[in-house]
Amino acid sequence: MRMQHTIGLAGLGCITILGLSVTPHVAVSNEHGGLDHLPCPVIIAQVPFPCTQEQKENRSAGTGPSHRDYLDGARLVLLAPGKEPEVLVPNFHSAADPEISHDGQHVLFSGKPHESSAWNIYELDIANREVRQITRDLGDCRQPNYLPRQFMMVAVSSAAPSAGASTPSGQTEVEGKYTLRMIDEASMRIGFVRELSGTRCEGASLPISRLYSCRPDGSEVRQVTANLSQDLDPIVLPDGRFAYCAWRRNSLERGPLGWFSLHTVNTDGTDVMPICPNVGGGFKRMPVAAANGLLGKLVFVESDVGSWDGAGDLAAVDLRRPLVTYALLKRDDAYVYHSPGYFSPDKILVSRRPRDGSASHAVGILDIAGGTWDPLFDDPRYHDFHAKIVDPRTEPDGRSSVVDDREPLGTLYCLNVNISDRPDQEKIPPGVVRGVRILEGLPFGAEQGGSAGSTADLAAPVSATRRLLGEVPIFPDGSFQVRVPGGVPLEIQLVDKDGMNLRSCGWIWAQNRFYQGCIGCHEDRDLVPDNRMADALWKPAPTLMPPEDQRPTRDFLHDVWPLVVRDCGECHGPKGPHAPRLWQTSSNDPTASETAALEAFTALMDPGEQGWQDGRGRYVVPGHARLSRVIWHLAEENTANTWDGPLADQPAVPMKRPEGRYPSESLKVWIEWIDFGATWIATRRENR
C-alpha cells in the first residue's frame, strides 16, 4: 500500500491511489520545511491505531509492557524527501525495530514473515531491497544493533615465538606479554534482545529477555547480560558500550513490581554500570545518545507507571557524568513521548501521543536545549514511532575484550566491603561482616508452581530460585575474591557470624575469563579507590563451582513445611490456641497435604498493611531473615541491627519451647529459606 504524501494540513479526505482507498497522512511544515526538505530519508515503524494491546490494556498499572506485544502487525515505512512514503518488506506480517548501518546502506530490523512465526533479526539492503535472515531457532529475537569492532586480548607464553610487530593474521605483540588480535570485518557482530522461552520474570508472567550478540551470518551466538527479568532497548554509545534498560526485581525493597533502570555494559557483557540510579521515574526506557563525539546527552523516556507502549516524559543525563547529571527534559500534561532517535547533536526525533490515548503517535523533532517539539509526520490511522534517519554515521569506538567462552569460570573481587555510599547511620560497622555468600539465580519456569502455584503467587510476589554456590571469608582489610561460573546470574550476600544476610546486591555476573570487580558495597561510583593492593589478591582465588546436584536451595514446600508441621502445629495448627492460625485443613499426615502447606505459606507471607510496597511482610521479609519476625520468634530475640533503623528497637515474641531453645540446624533452614528469597517452590533444575 502506498500513502498520499502532502505538505500542510489540507487534503484530509479519502482519496484513491492505484485503486486502493486510503486516508492520507499529514506531514506538517516546520523550520525543516517538512519531509521534502529533510537532509536524509527517515524510516519509521507503524502500528494501526488503536492497536491490539492498546485496546486490551489487560495488565495492572505499572507492570510495564512486554516489548513484543504492541508491535505485532507493525510495518516499516520509508519517508524519503520528494517521494511518497513506501512500505518496506510488505510481505512480512510484522516488521519493527529499525537500526541503520554505519554506512547508511542497510537496515537491521526484527520481523515475522507470518503471524505464527517467531521474531527474528533480518537485514535489508536499502538500495536493492534484498532481505537476508540473521538469527534462527533462538525463539523471539528483537531490537537489533550494529556493534563496533572488537579486539581480543590473548595471553601468550613467554616461550612462544614472537609474532613480530604485526602478522598477516592481524596479531600484534605488546611488550612480549600479550597478543592483540583484531576481529576482521567479516567477524563484526550484531547485538539483539532474545526472549528465553519457558521462563518467567520475577515481577510478572512475562518471559525473561537478555542481550545477545552473533556474527552477521547468525553464528557464534553469545549471551551478553544475565538478568532474571527483562533487558530491553539496547543502543550503542559513541564509546562502543551498550546502554540499555533492565527490569530489576531481585528484591522487594522497591515494591513487588520492581523497576526499569538504565545501565551500560561492554558489548562482551563486562563491567555493567548503572545510569542515574534512584532518581527520576521508576520506569526508564528507550535511551538514545544525542552526541558530538564522546560528549553530549543520553535522552530517555521515563514514567512512574507503566503503560501499554512504555511512553512517558523525557529526561536526560550527560554522557560524561551520567550518575549525577539527571534532569527532566520534557513533560507535558497533555502528551507522552516515545522512542527517541538521533537527528543531530542538539536535536532528536521523537514520537508523542495524547496522554489520554485519544489519538495516535506522531513523529516530531525535539530541540534538546529549548524543549520545543516540531511535528514532522503523522498518519492518523497509525501510531508512527521508532524513527531513524538513513544517513552514514561515525562508527563507535572499538572495544577490547578478554572474554573467552571456552573458559567456564569468571572472577569476582571486592577491594573493601566496608566502603559504602550509604548514610553513616546505615553503614555496617567494620568487623561485623564475617563472610560472603554467593548465590546462583535460576529463572522461574513459566509452567512452575504446582497445582496451587497461581494461588501462591497471590500470597507473595514470585522470586527467582537461589542456589548456594558457597561462602568465602572476608580478609582483614574487607577484601575478597572468588572464582564463579561464568555468565550466570549471581547475588552476593554479606553474612554475619550467625549466617544471616546483612546486605546484598542485585543480579550481577562475571563473564568467562573476566575479572569483575567492585570497590565496596554500593560505593560512590564517582570516586577512585585508594591505590593499594587488597589482601585477598595476594592469594589464589577459591573456586565455587560445585556439581549441579550439590548446589542446595530452599523452598517452603520441601524444606520449611515439614518443620512447621513438626515444631509449630501444636500452637499454630488447626487446633492450636495461638495466632496466627497457620493452616485449617486437617489431615492425618499434614506434610503430605499441599493444600495445608499453601495455607501456612499464605499465613506466613501476610503482606501486612503496606502490601509489600516496602518489601516487608508482617512475619517475613524476603531476602532478610534478620528483619523477619518469624526468625525473632524462633531465635527468641530481635535479630535486627542498629543500622536497620526503628525495627531494631521493636520487641520480639519468644517461642518459649519447653524443650529449650529452637535447634540451631532447624533455625538455619528457616534463615536460609528467607535469605534465599522465601520461595514457595524452588526451581530444582537448571534453566538458563
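Residues numbered from 1 in each chain as written. Predicted model: local features only at pLDDT ≥ 70, side-chain atom pairs only at ≥ 80, totals over all residues. Heavy atoms only, no water.

(A) Inspection of the sheet that holds strand β7 (residues 106–112) at higher detail. As summarised here, the arrangement of the 4 strands in space is β6-β7-β8-β9, forming an open sheet in which the pairing is antiparallel. Single-partner strands in this sheet number two, and they are β6 (94–100) and β9 (131–133). Ignoring strand direction, the axes of neighbouring strands in this sheet form an average angle of 30°. Relative to strand β8 (residues 120–125), β7 is paired through 6 bridges, and the arrangement is antiparallel. (Pairing = 2+ DSSP bridges. Helix = DSSP H or I, 4+ residues; strand = E, 2+ residues; numbered from the N terminus. Axes fitted to C-alpha atoms, helices over the stretch in contact; angles between N-to-C directions.)

(B) Just the pattern of salt bridges, in detail. A complete count under the given rule lists 40 salt bridges for this structure. The salt bridge partner of glutamate 395 is arginine 149, with a shortest N-O separation of 3.5 Å. Of the two residues, glutamate 395 sits in the loop between β30 (382–389) and β31 (399–401) while arginine 149 sits in the loop between β10 (141–146) and β11 (150–155), which places them 246 residues apart along the sequence. Here arginine 149 falls in the partly exposed class, since its relative accessible area comes to 29%. Connected through salt bridges with shared partners, the residues Arg189, Arg215, Glu220, Arg222 and Asp405 form a single ionic network. (Salt bridge = Lys/Arg side-chain N within 4 Å of Asp/Glu carboxyl O. Buried < 20%, exposed > 50% of the residue type's maximum accessible area, 1.4 Å probe, protein only.)

(C) Spotlight on the pairing of β10. The buried count for β10 comes to 6 of 6 residues, which makes it a mostly enclosed element. Relative to strand β14 (residues 190–196), β10 runs antiparallel, the two sharing 4 bridges. Along β14, the bridge assignment pairs tyrosine 146 with isoleucine 190.

(D) Region of interest: the packing of helix α3 (residues 556–572) against helix α4 (residues 594–604). Packing of α3 against α4 brings their axes to within 10 Å, and their N-to-C directions diverge by 85°. For the element pair α3 / α4, the angle class is roughly perpendicular. Contacts from Phe556, Leu557 and Trp561 of α3 reach α4 at Glu594, Ala596, Ala597, Ala600, Phe601 and Leu604. (Parallel < 35°, antiparallel > 145°, perpendicular 65-115°, else oblique. Contact = heavy atoms within 4.5 Å.)

(E) Representation of the sheet that holds strand β39 (residues 515–518) within the structure. A sheet is described by the order of its strands in space; here 3 strands give the open sequence β36-β32-β39, paired in mixed fashion. Because the sheet does not close on itself, it has two edges, and the strands there are β36 (480–485) and β39. When the angles between neighbouring strand axes are averaged without regard to direction, this sheet yields 20°. Here strand β32 (residues 409–414) runs beside β39; their pairing, made up of 4 bridges, is parallel. Bridged to cysteine 414 within β39 is cysteine 518.

(F) Spotlight on α3. When the terminal C-alpha atoms of α3 are compared, their 17 Å separation across 17 residues is substantially less than the 24 Å that a helix rising 1.5 Å per residue should span. Of all the bends in α3, the greatest measures close to 45° and is centred on arginine 566. Burial of α3 is extensive: 12 of the 17 residues sit out of reach of the surface. The set of residues buried in α3 consists of Phe556, Leu557, Asp559, Val560, Trp561, Leu563, Val564, Val565, Asp567, Cys568, Gly569 and His572. (Expected span 1.5 Å × (residues − 1). Bend = angle between axes of the 7 residues up to and from the residue.)

(G) Region of interest: the packing of aromatic side chains. Inspection of the entire model under this criterion finds 15 aromatic pairs. Judged by centre distance (5.2 Å) and plane angle (35°), the rings of tryptophan 247 and phenylalanine 260 are tilted. One end of the pair, tryptophan 247, is in strand β19 (residues 242–248); the other, phenylalanine 260, is in strand β20 (residues 259–265), and 13 residues separate them in sequence. Between the aromatic rings of phenylalanine 556 and tryptophan 673, the centroid separation amounts to 5.5 Å while the plane-to-plane angle is 55°, which identifies the pairing as tilted. Note that phenylalanine 556 is positioned in helix α3 and tryptophan 673 in helix α6 (residues 664–675), a separation of 117 residues in sequence. Comparing phenylalanine 556 with tryptophan 673, the two get one shared label, buried. (Phe/Tyr/Trp six-rings, centres within 6.5 Å; stacked < 30°, edge-to-face > 60°.)

(H) Here's a closer look at a nonpolar patch on the surface. Together, Met533, Leu537 and Trp538 give the surface a local cluster of nonpolar side chains, amounting to about 330 Å² of exposed area. When you line up the elements, tryptophan 538 lands in the loop between β39 and α3. (Patch = residues over 30% accessible without salt bridge, like charges linked within 9 Å, V, L, I, M, F, W, Y side chains within 5 Å. Areas by Shrake-Rupley, 256 points an atom, 1.4 Å probe, with all protein chains shown as cover.)

(I) Focus on the side chain of serine 101. Within the fold, serine 101 resides in the loop between β6 and β7. The residues touching serine 101, leaving out its near neighbours within four places in the chain, are His106, Tyr146, Asp391 and Arg393.

(J) Highlighting unusual backbone geometry. The omega torsion of the bond from phenylalanine 49 to proline 50 falls at -10°, within 30 degrees of zero and hence cis. Its location among the elements puts proline 50 in the loop between β3 (42–48) and α1 (52–56). Across the junction of alanine 579 and proline 580, the peptide omega takes the value 0°, indicating a cis bond. Relative to the helices and strands, proline 580 resides in the loop between α3 and α4. For glutamine 143, which is not a glycine, the phi torsion comes out positive at approximately 50°. Note on placement: glutamine 143 falls in strand β10. On the basis of relative accessible area, glutamine 143 is assigned to the buried category, the value being 11%. Of note in this structure, alanine 678 is not a glycine but carries a positive phi near 55°. Turning to its location among the elements, alanine 678 is positioned in the segment after α6.

(K) Structural detail: the confidence of the model for the protein chain. The pLDDT averaged across the protein chain works out to 84; a share of 83% of its residues lies at or above 70. Within the model, the stretch residues 29–33 combines pLDDT values under 50 with 13 contacts to residues more than four positions away or in other chains. Long-range and interchain partners of residues 156–170, a stretch whose pLDDT sits below 50, account for 14 contacts in this model, where long-range means more than four residues apart. (pLDDT = per-residue confidence, 0-100.)

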